[in-house]
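Architecture and fold: a report
Here are the chains, one letter per residue:
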Amino acid sequence: ATASDFGLGAYQDYATKAGAAADAAGALTGPMTAAQTTAYMSPYQQQVIDATMTEFDEQANRQKAQQAANVLGTPGAYGGGRHGVLAAQYAAESDRNRSALLSQLNQQGFQQAQAGRQQDFANQQALATQQAGLGTQAMGNVQRQIAGLGTLGATQQAQTQAGLDASRQFAQMA
């Protein structure tokens, strides 16, 4: 135990920790940086995106094959040029759907990162408040110790004075 653990300086560690927690919470204000976004995103975000996009591509290829089989199964149904237009239209729609899905997954990851950052901010604020409360409590304990020492000193002084007064009275009687 050090001198700052007890007595007049007992609150200082709590005040220092409260300040550090408040500073940490302050660093979480303002716009979210790219580094913070990455730090708060799920470490599995990219694997989820990759698996989802792979599944999307496989389904799109199956649909494309099915569509081609349907067109080829009807001789002369669309003709050479029409088949090309149909394939291009399908590819464009599939690309739009793929981009929309990817955007949605990235947006979900970003929203999860924002929620994590907000929770971290709330936790840092709560920690700062608790540390400040402990510092206040430690300071109150010190004040009670000082008051107790004052009472003890006054009692000792009164007792010493009573002894001196008794000695003086005894000396006067003799």
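Located above this text is the structure these notes cover.
Treat the numbers as computed from the prediction; the structure is a model and nothing was measured.

Let us now look at the side chain of glutamine 36. Within the element layout of this structure, glutamine 36 appears in helix H2 (residues 34–40). When sequence neighbours within four positions are dropped, the list of residues in contact with glutamine 36 reads Ala27, Leu28, Pro31 and Arg117.

One pass over the structure, following the stated rule, counts three salt bridges. For arginine 62, the salt bridge identified is with glutamate 55, shortest N-O distance 3.7 Å. Assessed through its relative accessible area of 48%, arginine 62 is described here as partly exposed. Among the ionic pairs, aspartate 57 bridges to arginine 98, the shortest N-O distance being 2.7 Å.

Within the secondary structure, glutamine 67 sits in helix H3 (residues 45–73). Here glutamine 67 falls in the partly exposed class, since its relative accessible area comes to 24%. Note: C-alpha distance between glutamine 67 and leucine 86 (19 residues apart in sequence) is 9.2 Å. Excluding its chain neighbours within four sequence positions, the residues that come into contact with glutamine 67 are Leu86 and Tyr90.

Definitions and limits used
- Throughout this document, residue positions are counted from 1 along each chain, in the order its sequence is written.
- Restriction of local features to residues with pLDDT of at least 70 applies here, the model being predicted, together with a cutoff of 80 or more for giving and counting side-chain atom pairs; totals for whole chains, interfaces and linings are based on all residues.
- The basis for the side-chain values is all heavy atoms of the structure; hydrogens and waters are excluded.
- Strands are runs of DSSP state E lasting at least 2 residues, helices are runs of H or I lasting at least 4, and numbering of each runs from the N terminus.
- Note on definitions: a residue-residue contact is assigned when non-hydrogen atoms from the two residues lie within 4.5 Å.
- Salt bridge, as applied in this entry: a Lys or Arg side-chain nitrogen positioned within 4 Å of an Asp or Glu carboxyl oxygen.
- With a 1.4 Å probe rolled over the protein chains alone, any residue whose accessible area is under 20% of its type maximum counts as buried; one over 50% counts as exposed, and the rest are partly exposed.

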